[in-house]
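As a plain string of letters, each chain reads:
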Amino acid sequence: MKLCFWRRAVVSPYLAHVHLPWLGAAVLTTTLPHIYHLPGWLSVSIVVFLLYSTLQWRRGYRVTPAWIRVFLVLVACVGIAFEYGFNPGRDSGVAMLAILSCMKLMELKSRRDSVVLIMLCYFLLLTHYFYSQNLLTGLWLVFSTLMVTVTLLHMNTDARLSIRARFAFSARLIGQALPFMLVLYLLFPRVSGPLWGMPRDAQGARTGLGNTMSPGSISRLYNDDAIAFRVQFTDAAPPRRQLYWRGPVFNHYDGRLWRNNDFSAIAPALEKRGHPLRYVMTLEAHQRNWLLPLEMSDGEGAGLESRMSASGVLWSVRPILARTRVEMLSYPDYRLEPHLSLTRTFENLQLPEDYNPRALALAGSWRAQSADPRQLSARALDYFQRENFFYTLDPPLSGANAIDDFLFNTRLGFCEHYAAAFVTLMRAAGVPARVVTGYLGGELNPVDGFLVVRQSDAHAWAEIWVADEGWMRVDPTAVLPEDRVAADVRAARLGATPEFAGQAVDWLTQARYRWEALNNRWNQWVLGYTPERQREILTALGLSDPSLHRILVTLVIVMGVLTLVFVVWLLYPHRARPADPALRVWQKALAWLERNGVATPQWETPLALAKRVHATHPALLDLARLVYAARYEGRPPKTASLCQALNACKQPAGRFVGFDVSENGTAV
């Protein structure tokens with residue numbers, strides 16, 4: 001005798017009222033994250049449709065009239081066309097899917113409508129990866145997949161089944177698909193481009209540093225905690241004072257903006273000294289071409305098609321539109337361009353005419369006393385240190401002569417103000433100089449050992465050219481004493497970098513470290529599973545020369561074997577341990593009867609069996625009644641009562657059989 005624990009619902013072409021809230025919940029979980037990047041009117045429309053469907057369900061669902069549905073669809077199509085243009089694309093397609101999925105709740109009449117809506121939800125889940133592929137998105141999609149599967153299960157099972165049982169069975173179904181998913185993830189040929197040709201994270205990518213520099217262009221990034229890149233050093237990380245991550249270099253000044261006017265494709269001479277630093281950078285998408293290495297690197301060992309510009313900037317041939325992992329080799333001790341041509345000298349002495357006359361006069365007086373670049377640099381740094389200059393995030397607006405206003409009037413500025421003023425003074429004194437932007441320092445995550453560089457670490461410094469020595473780094477902000485740092489900068493430092501708080505890391509910072517380390521592992525092992533990484537893993541697993549043909553053959557063989565094992569497991573006549581204590585005890589009684597020669601056909605009900613064998617096993621009737629009470633009347637007896645009834649059934653000759661209750665309440 002076997003009692004069926006899982007009851008399939010009777011298939012009906014009509015949609016039951018009880019299914020509506022589940023369908024609404026499935027649509028809600030799949031469309032909710034899209035609200036953050038859809039236009040405001042479209043997000044409000046989605047919320048209104050969901051609320052309207054909920055109200056309809058509570059009042060007794062009725063299908064919305066057809067003319068209203070047609071009108072709303074036309075309005076949505078026209079609005080999306082005007083919002084995104086009349087050319088079909090990713091954003092317009094996702095917007096159309098999201099709004100139509102919500103509108104589908106207004107015309108649910110049959111089971112076919114519900115199946116169409118559930119399939120739309122499954123497809124809509126894929127579109128979230130167009131905009132974000134971080135760990136939170138992955139966790140939310142796992143929950144959404146479970147929710148949609150539970151809804152599908154609810155449509156095809158007994159309505160009396162508990163919610164907990166539905167979630168458990170849905171999780172089991174998803175778990176059975178995990179081996180196939182892992183095999184496909186490991187063996188399916190990887191492509192170098194982003195998902196379906198769309199740039200990963202390009203929609204929400206932070207541009208960070210720009211192609212120009214003006215007052216405020218660096219300070220606006222100081223309160224931005226977004227991660228620019230992560231670094232893992234092969235050996236110990238160098239001290240913070242050496243962590244200058246080189247970005248765009250500007251050598252042309254028009255009185256307001258600094259630009260890169262260096263169009264030469266010839267890389268400068270780079271003399272590498274000492275031992276190199278080996279490290280791996282994981283760059284976030286910034287939609288630019290620069291690679292931001294630690295000074296100084298020419299791309300040796302980068303494993304990425306790159307080149308060095310004439311200004312010493314390491315460029316990628318293609319923009320960084322996706323999270324990119326690059327192996328780097330840098331030489332902290334170097335000599336860059338020891339011999340400067342006349343053209344290059346002129347480029348790095350250029351100053352706009354009729355701008356900043358007081359700064360030019362000050363530099364000219366220094367030049368009259370000494371022409372040595374080192375002495376002139378020291379003179380300018382001494383001027384910043386001796387005079388009453390302050391380091392602040394909110395300097396006052398400057399006029400047409402911005403450098404003069406900063407040097408002689410306001411004396412308030414951020415790193416870009418100091419770097420621009422220093423380069424102007426050096427050029428006016430006859431020393432070739434230029435502005436370098438990038439990042440300074442970083443924060444070491446003690447959980448995973450990665451150095452995290454944020455947008456708030458953006459910095460600007462200067463370089464001067466010294467004959468036979470090449471370009472030398474000079475950071476004017478480094479000479480300012482701590483008491484000249486304004487309160488807004490100190491507050492930002494204390495809130496963003498534990499180093500300035502005496503390494504006082506509280507539980508909130510520890511939680512942030514752990515979360516960022518978890519995100520980093522997700523980026524490295526899931527999103528960073530590139531074709532190169534796939535070849536490395538397959539080679540380590542014993543697949544020599546993992547060409548495309550070999551990978552496909554291996555994929556087909558492994559999937560075939562896995563499918564065969566799964567089919568055999570499904571067809572094998574195994575009996576699962578029932579979760580119901582009454583059913584477990586009844587199956588033990590049936591097994592005991594069969595061992596004693598009593599036939600127990602599967603079609604016979606417990607009461608019919610108990611009445612048939614009542615003459616030889618009268619106590620079986622009491623056990624059958626207890627099982628019926630537990631299974632069909634909602635009055636489950638105690639496990640001890642079930643075990644006592646079973647023991648009574650096993651004593652037809654007056655003999656006691658030791659059958660008791662275990663500590664966890666199950667029959668033993």
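Everything that follows concerns the structure shown earlier in this document.
This is a predicted model, so every value here is computed, not measured.

(A) Quick look at helix H7 (residues 163-187). Here H7 spans 36 Å end to end across 25 residues, near enough to the 36 Å set by a 1.5 Å rise per residue. Leu178 marks the point of greatest bend in H7, at about 35°, and the proline Pro179 comes within the next four residues. Among the residues making up H7, those that are buried are Ala165, Arg166, Ser170, Phe180, Val183 and Leu187. On its buried side, H7 packs onto helix H6 (135-155), helix H15 (531-540) and helix H16 (548-571).

(B) Representation of the nonpolar core within the structure. In this structure, Phe229, Trp245, Tyr279, Phe384, Leu407, Phe422 and Tyr439 are the most contacted members of the largest nonpolar core, which totals 76 residues. Among the elements that make up this core, the one with the highest residue count is helix H12 (residues 415-428) (nine residues). Leu38, Ile46, Ala95 and Val148 belong to the second-largest nonpolar core, a separate cluster that totals 25 residues.

(C) Focus on the sheet that holds strand S5 (residues 258-259). The sheet built from three strands is open, its strands ordered S1-S5-S4 with antiparallel pairing. Because the sheet does not close on itself, it has two edges, and the strands there are strand S1 (212-213) and strand S4 (252-253). Bridging between S1 and S5 involves two bridges; their strand directions are antiparallel. Considered in S5, the bridge of Met213 is made with Trp258.

(D) Layout of a nonpolar patch on the surface. A cluster of nonpolar residues, Leu136, Leu139, Trp515 and Leu518, forms a patch on the protein surface that exposes about 380 Å² of accessible area. Secondary structure elements with two or more residues in the nonpolar patch: H6 and helix H14 (507-527). Structurally, the position occupied by Leu518 is in helix H14.

(E) Representation of the sheet that holds strand S10 (residues 324-330) within the structure. Strand order across the open sheet formed by five strands is S10-S7-S2-S16-S15, with antiparallel pairing between neighbours. Looking at the sheet topology across the chains shown, the edges are occupied by S10 and strand S15 (443-444). Note that strand S7 (residues 277-283) and S10 share seven bridges and pair antiparallel. Along S10, the bridge assignment pairs Tyr279 with Met328. Packing of H14 onto the sheet brings it into contact with strand S2 (227-233), S7, S10, S15 and strand S16 (451-454), and relative to S2 it is tilted by some 80°.

(F) Fine view of the packing of helix H17 (residues 581-595) against helix H20 (residues 639-649). Two numbers describe how H17 lies on H20: the axes approach to 10 Å, and their chain directions differ by 10°. As the angle between them shows, H17 and H20 are arranged roughly parallel. Seen from H17, the contacting residues are Pro581, Ala582, Val585, Lys588, Ala589 and Trp592; seen from H20, they are Thr639, Leu642, Leu646 and Cys649. A class-by-class count of the residues in the contact of H17 with H20 yields eight nonpolar, one polar and one charged.

(G) Fine view of the pattern of salt bridges. Using the criterion set out here, one finds 24 salt bridges in the structure. The closest approach of N and O atoms between Glu284 and Arg230, which form a salt bridge, is 3.7 Å. Here the residue Glu284 occupies a position in the loop between S7 and strand S8 (306-308), and Arg230 occupies one in strand S2, the gap between them amounting to 54 residues. A residue is classified by how much of its surface remains accessible, and Arg230, at 4% relative accessible area, is buried. One salt-bridge network, in which partners are shared between bridges, spans Arg246, Glu295, Arg434, Glu463 and Arg473.

Calculation rules
- Residues numbered from 1 in each chain as written.
- Predicted model: local features only at pLDDT ≥ 70, side-chain atom pairs only at ≥ 80, totals over all residues.
- Heavy atoms only, no water.
- Helix = DSSP H or I, 4+ residues; strand = E, 2+ residues; numbered from the N terminus.
- Expected span 1.5 Å × (residues − 1).
- Bend = angle between axes of the 7 residues up to and from the residue.
- Buried < 20%, exposed > 50% of the residue type's maximum accessible area, 1.4 Å probe, protein only.
- Contact = heavy atoms within 4.5 Å.
- Core = buried A, V, L, I, M, F, W, Y, C linked by side-chain atoms within 4.5 Å.
- Pairing = 2+ DSSP bridges.
- Patch = residues over 30% accessible without salt bridge, like charges linked within 9 Å, V, L, I, M, F, W, Y side chains within 5 Å.
- Areas by Shrake-Rupley, 256 points an atom, 1.4 Å probe, with all protein chains shown as cover.
- Salt bridge = Lys/Arg side-chain N within 4 Å of Asp/Glu carboxyl O.
- Axes fitted to C-alpha atoms, helices over the stretch in contact; angles between N-to-C directions.
- Parallel < 35°, antiparallel > 145°, perpendicular 65-115°, else oblique.
- Nonpolar A, V, L, I, M, F, W, Y, C, P; charged D, E, K, R; others polar.

Shape is all these values report; function is a separate question.
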